[in-house]
Amino acid sequence: MSASSRLDVRLAAGVAAGKLSGRAIRLLGRGGGTAAPGLIANLIEPNILNKLTGKVRDGRIVVAGTNGKTTTSRMLADILERADLRVIHNRSGSNLVRGISAAFAAQSSWSGQPRGDIAVIESDEAAFPDVVRRVNPRIILLLNLFRDQLDRYGELDTIATRWRESFETLRPDQLLLVNGDDPALAAITEDLAAQRRLFGIQESRYLLDELPHAVDSALCRRCGAPLRYSQLFLSHLGEYVCDSCGFRRPPLDFAASDIDLHGLDSVSLRLAHDESILDLSLAIPGLYNAYNAIAAAGAALALGVGPALIAETLGAFRSAFGRIERVSYRGRQLVIVLVKNPVGFDEVLRMLAVGGLSDPALIVINDLDADGRDVSWLWDVNVEQLANGSSPIYTSGIRGADMAVRLKYAGIATERIHPLKALANSFEQFVDTIPEGGSGYILPTYTAMLELRRMLAHRGVVADFWEQ
Amino acid sequence: MKLSICWLYGSSMNIYGDRGNVLSLAQRCRWRGIEAEIVQLGLGDPLDQGAHDIYFWGGGQDREQINVSADVQGAKGDALKAEIEDGAPLLSVCGGYQLLGHYYRPADGADLPGIGLFDATTTAGNERFIGNIVVESREFGELVGFENHSGLTHLGSNAEPLGKVRVGRGNNGVDGTEGCRYRNAIGCYMHGALLPKNPKLSDFLIRAALRRRYSLDVLPALDDSLETTAHASAVGRALARR
């Protein structure tokens, strides 16, 4: 018996534990069973992730960034599947080592052979160095570094420093595909042994007038002087230069232009790479989804997938778990949009304000661990965008009262602000305020959305997310 | 009537929603018919004595704090101290609070000098204090916010704390004190943002400013029912998670 075909008993036991506990948790109705099985599997075989990922023939792609990693990795996985590859992917968005381990255990044979040719792995920011160490990626796709859940991650600088240390361990056959519009990412990926290519926006008619409030990277990481932006697209993403030391946005290998936003419905753009031009027309909205699509398309091009297949897949792509969803309930259209940090929340409000918000909206703010226990981020959101409307805004969730105060200080008339009780007791009441045949918006934080999903599933409305 | 709110280092030190404090001050002036102007004073900008009525200085990341520490030495720091001696109100949170003390001592590297307005020193600690914080202040009653710091601040013999920690860690996690008070200046570790959920503190600063600029000692009450509810819910969370 050769070494490679000998059964690794410990690995098989770890895989079995992961598989069985995942099933048991789902059977018991205790949720999607996306992380706990990985925890158990890692107790039995601490190297389960290293071993399983090492057997994936065409390599691993790790996707990281504050915003958009679930959407981007889903886009990329869809493209690769359409290219007839078998893809292993932590699709539920469970992105710590244990969640990724669970996804791999579930998608491997009982003897520990992964059922896939290539892996797309979404990684949490804090877990990123450990994930990179374990999975030995072929490509690392870096989307952005925004302010998010600072109570959990510590300051942005700390994350950036830890990522840099991780990058310094990479080899020349590994590729970093980086959002060049993010000055922090551009700075921490300079001068490495690994290859680097950059994507970004070359030209946009949707410019911000000034740096938003929640910006962390307005200073040059090389010398500490303020950066000057000639174009600013979203948060601190743009075309920048440091007048003091000369640090500037590097030339883009994948450059987007001709971006057209169509409210909450869609966005289109043109992506140039080498000699090829890709016209992308997405069925999901917003500038941040344009960035996600550019990143996914860039990675697919780097892997040698044909442009036509990429454009076709991205055109058919629908929103990942709960980012934006439309459901029909009691004769009303409910548009549900996840809000989890200032930049994402800002963009959602920008889309609502561009469309002239006239329908009722419900904002549900929780402060559990997965939401971030610190709700001070609400003060970094440009809620003032809503001040000109006249539609009612309802608040709910564990920290709904904080949101009501935030609305008031944004200059929204108190007659428009309606604090409601806990979601379970107020959801129907909110639906009642929407006229039959009309629509309403619900903007929940992460755990509030899980709760909303459970409530809707209970009423027979949407599929549970781990079934997608 | 008009008040000028001076936001110190707002572009380099604005973390954990500290901007909410400036919004609270400005809106609570406007709702009373007092015009409010927000002026950002950044690196290299001189501080003109008498030009501003309320000062706010928030927290920042360590990297940004180095430039700010250098900038506030000399004429600028002296002018700010003279303003406080003259009765000007000030709120500082976290990084700003630390640089109003004698120095901040990082884990590695040289001390960052402060301006010594507060008789306090801060040393980098090994543990990060993160969580809801409730403080009992003799003057302002119950205050609630969210702390997130690893700096350990120790008050000198001349310093008066802002209050006593009921839930959380406060200045250093040991002596039960939180923040510092000197004349109408307040330093503390409470983000949240602090003022929107503690309108009493907001109004203390506005009132001190009106007294100094217009010799006026009245401030009409506002309907604070949303603020009071948010305050109570935050205190409830702090107690539940203790």
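Residues numbered from 1 in each chain as written. Chains lettered and ligands numbered in written order. Predicted model: local features only at pLDDT ≥ 70, side-chain atom pairs only at ≥ 80, totals over all residues. Heavy atoms only, no water.

Trainee: Help me understand the overall build of chain B in this model?
Mentor: Helix and strand content of chain B: seven helices and 12 strands. Here the C-alpha radius of gyration of chain B, 17 Å, is about what a compact globule of 242 residues would show, namely 18 Å. Overall size of chain B, expressed as C-alpha extent along the three principal axes, is 50 × 45 × 30 Å. Sorting the 242 residues of chain B into buried and exposed places 59% on the buried side. (Helix = DSSP H or I, 4+ residues; strand = E, 2+ residues; numbered from the N terminus. Rg over C-alpha atoms; globule rule 2.2 N^0.38 Å. Buried < 20%, exposed > 50% of the residue type's maximum accessible area, 1.4 Å probe, protein only.)

Trainee: I would appreciate a short explanation of the interface of chain A and chain B in the present structure.
Mentor: Reports of interface size often rely on the accessible area that becomes lost once the parts have come together. Every contact between the two is made by 37 residues of chain A and, on the other side, 37 residues of chain B. When the two sides are added together, the surface that chain A and chain B hide from each other amounts to roughly 3300 Å², 49% of it contributed by carbon and sulfur. Interface area lost by chain A to chain B is led by A:E155, A:W379 and A:Y409, which between them contribute 23%. The residue B:R19 makes a salt bridge to A:E384 at a minimum N-O spacing of 3.5 Å. Summed over the shared surface of chain A and chain B, the result is 10 residue pairs in polar contact (both at pLDDT 80 or more). The greatest single-element share of the side of chain A that touches chain B, amounting to seven residues, is contributed by helix α13 (residues 400–409) of chain A. In terms of residue class, the side of chain A that touches chain B is built from 16 nonpolar, five polar and 16 charged. (Contact = heavy atoms within 4.5 Å. Buried area = accessible area lost by both parts, 1.4 Å probe. Salt bridge = Lys/Arg side-chain N within 4 Å of Asp/Glu carboxyl O. Polar contact = N/O pair within 3.5 Å; in protein donor to acceptor, adjacent residues only side chain to side chain. Nonpolar A, V, L, I, M, F, W, Y, C, P; charged D, E, K, R; others polar.)

Trainee: I would appreciate a short explanation of the sheet that holds strand β12 (residues 324–329) of chain A in the present structure.
Mentor: In a beta sheet, neighbouring strands are held together by backbone hydrogen bonds and run either parallel or antiparallel to one another. Residues and elements named next belong to chain A. Read across the sheet, six strands follow the order β12-β13-β17-β14-β15-β16 without closing on themselves; strand pairing throughout is mixed. Each having just a single partner strand, β12 and β16 (417–419) make up the two edges of the open sheet. Along the sheet, successive strands turn relative to each other by an average axial angle of 20°, direction set aside. With three bridges connecting them, strand β15 (residues 393–396) and β16 associate as parallel partners. For Y394, the partnering residue across the bridge sits in β16 and is H418. Helix α15 (residues 446–458) rests against β12, β13 (332–337), β14 (361–364) and β17 (439–444) of the sheet, and its axis sits at about 130° to β17. (Pairing = 2+ DSSP bridges. Axes fitted to C-alpha atoms, helices over the stretch in contact; angles between N-to-C directions.)

Trainee: Looking at this model, I keep getting lost on the side chain of A:Q174. Mind explaining?
Mentor: Residues and elements named next belong to chain A. By the secondary structure assignment, Q174 is in the loop between α8 (156–167) and β5 (175–179). Judged by its relative accessible area of 4%, Q174 falls in the buried class. Looking at Q174, its side chain comes within polar contact range of the side chain of N136, at 3.2 Å.

Trainee: Would you take a moment to explain helix α1 (residues 19–30) of chain B for this structure?
Mentor: The periodicity of an α-helix, 3.6 residues per turn, causes residues three or four places apart in sequence to face the same way. Over its 12 residues, α1(B) runs 17 Å from end to end, which matches the ideal 16 Å to within 8%, given 1.5 Å per residue. Considered for burial, the residues of α1(B) that qualify are B:R19, B:G20, B:N21, B:V22, B:L23, B:S24, B:L25, B:A26, B:Q27, B:R28 and B:C29. (Expected span 1.5 Å × (residues − 1).)

Trainee: Honestly, the pattern of salt bridges in this entry has me stumped. Any pointers?
Mentor: Counted under the stated rule, the structure contains 49 salt bridges over all chains. Linking A:D367 and A:R399 is a salt bridge whose minimum nitrogen-to-oxygen distance equals 3.0 Å. Taken together, the positions of A:D367 in the loop between β14 and β15 and A:R399 in the loop between β15 and α13 put the pair 32 residues apart, joining distant regions of the chain. Both residues of the pair, A:D367 and A:R399, belong to the buried class. Each of A:K408, B:R28, B:R32, B:D203, B:D224 and B:E227 takes part in a single network of salt bridges with overlapping partners.

Trainee: Looking at this structure, how should I read the pairing of β5(A)?
Mentor: Within a regular beta strand, the side chains point alternately toward one face of the sheet and then the other, so they alternate between its two faces. All names here are of chain A. With five of its five residues buried, β5 lies for the most part within the structure. On β5, burial covers both faces: L175, L177 and N179 on one face and L176 and V178 on the other are all buried. Looking at chain direction, strand β4 (residues 139–142) and β5 are connected through four bridges and run parallel. If you follow L141 over to β5, its bridge partner there is L177. The sheet contact formed by β5 and strand β6 (residues 195–201) spans five bridges and is parallel. Bridging across to β6, V178 finds its partner in L198.

Trainee: For this particular structure, what's the right way to read the sheet that holds strand β3 (residues 54–57) of chain B?
Mentor: Residue and element names in this part refer to chain B. Pairing is mixed in the open sheet, where six strands are placed in the order β2-β1-β3-β4-β12-β11. Edge positions in the sheet fall to β2 (35–41) and β11 (180–182), since each of these pairs with one other strand and no more. Taken over all neighbouring pairs, the strand axes of this sheet differ in orientation by 15° on average, direction set aside. In the packing of helix α3 (residues 75–85) onto the sheet, the strands contacted are β1 (2–8), β2, β3, β4 (90–93), β11 and β12 (185–188), and the crossing angle to β3 comes to about 130°.

Trainee: Which parts of the structure should I look at to understand the environment of A:R228?
Mentor: Residue and element names in this part refer to chain A. By secondary structure assignment, the location of R228 is in strand β7 (residues 228–234). Its relative accessible area of 43% is what places R228 among the partly exposed residues. Remark: the alpha-carbon pair of R228 and V241, spanning 13 residues in sequence, is separated by 5.3 Å. Beyond its immediate chain neighbours, meaning those up to four positions away, R228 contacts E239, Y240, V241 and D243. Polar contacts involving the side chain of R228 include one to the side chain of D243, which spans 2.8 Å.

Trainee: Whenever I open this one, helix α11 (residues 307–316) of chain A confuses me. Can you help?
Mentor: All names here are of chain A. Taken residue by residue, α11 has I310, T313 and L314 as its buried positions. Down the axis of α11, the buried set is contained in an arc of 95°. They therefore lie on one face. Exposed side chains of α11 directed beyond 90 degrees from the buried face belong to A308 and E312. Its buried side turned inward, α11 meets α4 (69–82), β11 (276–282) and α10 (287–302). (Arc of directions from axis to C-beta.)

Trainee: When you look at the pairing of β2(B) in this model, what are you seeing that I'm missing?
Mentor: Residues and elements named next belong to chain B. The sheet contact formed by β1 and β2 spans seven bridges and is parallel. The residue bridging L3 from the neighbouring strand is A36, located in β2. After leaving β1, the chain enters α1 and then returns to the sheet as β2, a path that is right-handed. (Right-handed = clockwise from strand over helix to strand, strands pointing away.)

Trainee: Which parts of the structure should I look at to understand the packing of aromatic side chains?
Mentor: We describe a pair of aromatic rings using the distance from one ring centre to the other and the angle between the two ring planes. In this structure the tally under the stated criterion is 15 aromatic pairs over all chains. When the centroid spacing of 4.9 Å and the interplanar angle of 55° are considered together, the rings of A:Y409 and B:W31 count as tilted. Note that A:Y409 is positioned in helix α13 and B:W31 in the loop between α1 and β2, a pairing that runs across two chains. Taken together, a centroid distance of 5.3 Å and an interplanar angle of 75° make the contact between B:Y97 and B:Y189 edge-to-face. Here B:Y97, found in helix α4 (residues 95–99), pairs with B:Y189, found in the loop between β12 and α5 (194–197); they are 92 residues apart in sequence, far enough to count as distant. Owing to a relative accessible area of 2%, B:Y97 belongs among the buried residues under this scheme. In this structure B:Y189 comes out as buried when scored by relative accessible area, which is 0%. (Phe/Tyr/Trp six-rings, centres within 6.5 Å; stacked < 30°, edge-to-face > 60°.)

Trainee: Can you help me understand unusual backbone geometry in this one?
Mentor: Of all residues except glycine, most have a negative phi; of all peptide bonds, most are trans. Following B:G192, the chain continues into B:A193 via a peptide bond in cis, with omega recorded as -5°. In this fold, B:A193 is placed in the loop between β12 and α5. In this model, A:D84 sits at a positive phi of 70°, which is unusual for a non-glycine residue. Taking the relative accessible area as the measure of exposure, A:D84 reaches 70% and is therefore exposed. Even without being glycine, A:S235 reaches a positive phi, approximately 50°. Exposure remark for A:S235: the relative accessible area of 7% places this residue in the buried category.

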